[in-house]
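Notes for the structure review
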Amino acid sequence: MFVISKDIVSIVLWTTGRCNLACQYCYAGSTHLKEDMYFETAVQTLDLFSDQPMKIQFAGGEPLLNYPLICQVVAYAKAKNYKASFQMQTNGTGITPEIAAGLKKMKIALGVSLDGPPEVNEFARGKTREVIAGIGCLADEGIKINLNSVVTSHSVMQLPKLVNFAYYLGNVGGIGLDLLRDAGRARNNPDTIKKATPEQLQKALKEMAETARELYQLTDKKIVIREIDEARQRLKMSSCDKAYCYASCGRSYVVLPNGDVYPCGSLIDNPEYFMGNVKNQTLTSIAIGRSEPEVCKNCDYFAICPGGCPSRLLINGEIGQDASLDCVLKKAAFALAREY
């Protein structure tokens, strides 16, 4: 389950604004920052938080297009004895045997973006053959990964097949769902890229759970559905911290190649959330506000539910709405966790 530590700061290093894909829904697709981050900018960032434990994520763009910087950052953090853990979200296309070995040595936890079985992923993202090859290189190194899937009207009903495909890949431990954000290319292509309906989302999640359960009964191998697994853990509690993520409690710093900082990668084009620049060594902490509709207070899961992603609700204009897709997903996950 995702746990927010009050001691840790989340630092997202936007290693590059470049990407070798042109995903139809990419929220970063409209940014003009196509340059790479310099090592000096990364050092200024890490030094700024040197007295705190850091969760460092490499992002972008496609972070592996600036792989040398990743190596430099990890080496620097270790040389300075900074308390830091590392993770990365990648499209997987650039993973070679050499890079896979390097990622293993650096102990970087990995999430790979894959929206569905090959035909679905090819439609939205492309270069699926390269992604599968990259995942295979990670498997050869014994590296277990999680898949991250953007949910759209085109992909949603194929998600149960993704569970089967994840099992076939061999080194996938779980699948997480990322609901569509009305930003970047998705905002520019409303006729092509659309949100899933509540009914589609509920049906797909149930079928994903059933598929994962059947595979586990047959093979004793688990493919964890992140949302259901988190709901299962929360059902053991009587109450919980209402913070959804580090950005929601003012402990997240997304650093762009030029040093500009925002609390969430989804808000990098919103000047209202500009936090400063690391080169000035002074940043303003910003917590992305959340608003619970009155109807939430009558929900069976109110005491243990952190609500929806605050930046997505903000971008999609769903703050305060009674029936956001975030809410639909959370309720469906809790119901399935109870059932299974």
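How each quantity is defined
- Residues numbered from 1 in each chain as written.
- Predicted model: local features only at pLDDT ≥ 70, side-chain atom pairs only at ≥ 80, totals over all residues.
- Heavy atoms only, no water.
- Helix = DSSP H or I, 4+ residues; strand = E, 2+ residues; numbered from the N terminus.
- Buried < 20%, exposed > 50% of the residue type's maximum accessible area, 1.4 Å probe, protein only.
- Pairing = 2+ DSSP bridges.
- Right-handed = clockwise from strand over helix to strand, strands pointing away.

With respect to unusual backbone geometry
Even without a glycine there, the phi angle at K107 is positive, about 60°. Structurally, K107 is set in the loop between α3 (97-106) and β4 (108-113). Residue K107 is classed as exposed on the basis of its relative accessible area, which comes to 69%. Unusually for a residue other than glycine, D220 sits at a positive phi of about 65°. Note that D220 resides in the loop between α8 (198-219) and β7 (224-225).

Section: the sheet that holds strand β5 (residues 145-151)
Spatially, 11 strands are ordered β7-β6-β5-β4-β3-β2-β1-β8-β9-β10-β11 in an open sheet, and the strand pairing comes out mixed. In the strand order of this sheet, the two ends are held by β7 and β11 (282-283), each with one partner. As paired elements, strand β6 (residues 172-179) and β7 share 2 bridges and run parallel to each other. Considered in β7, the bridge of I175 is made with I225.

Structural notes on the pairing of strand β2 (residues 54-60)
In the case of a regular strand, side chains alternate between the two sheet surfaces. Of all 7 residues in β2, 5 are buried; the element is thus mostly enclosed. Where strand β1 (residues 9-16) lies against β2, 7 bridges are found, and the strand directions are parallel. Pairing of S10 across the sheet is with K55, part of β2. One ladder, built from 5 bridges, connects β2 with strand β3 (residues 84-90); its direction is parallel. Within β3, the residue paired with M54 across the bridge is A84. Between the parallel pair β2 and β3, the chain is carried across by helix α2 (residues 67-79), and the sense of this crossover is right-handed.

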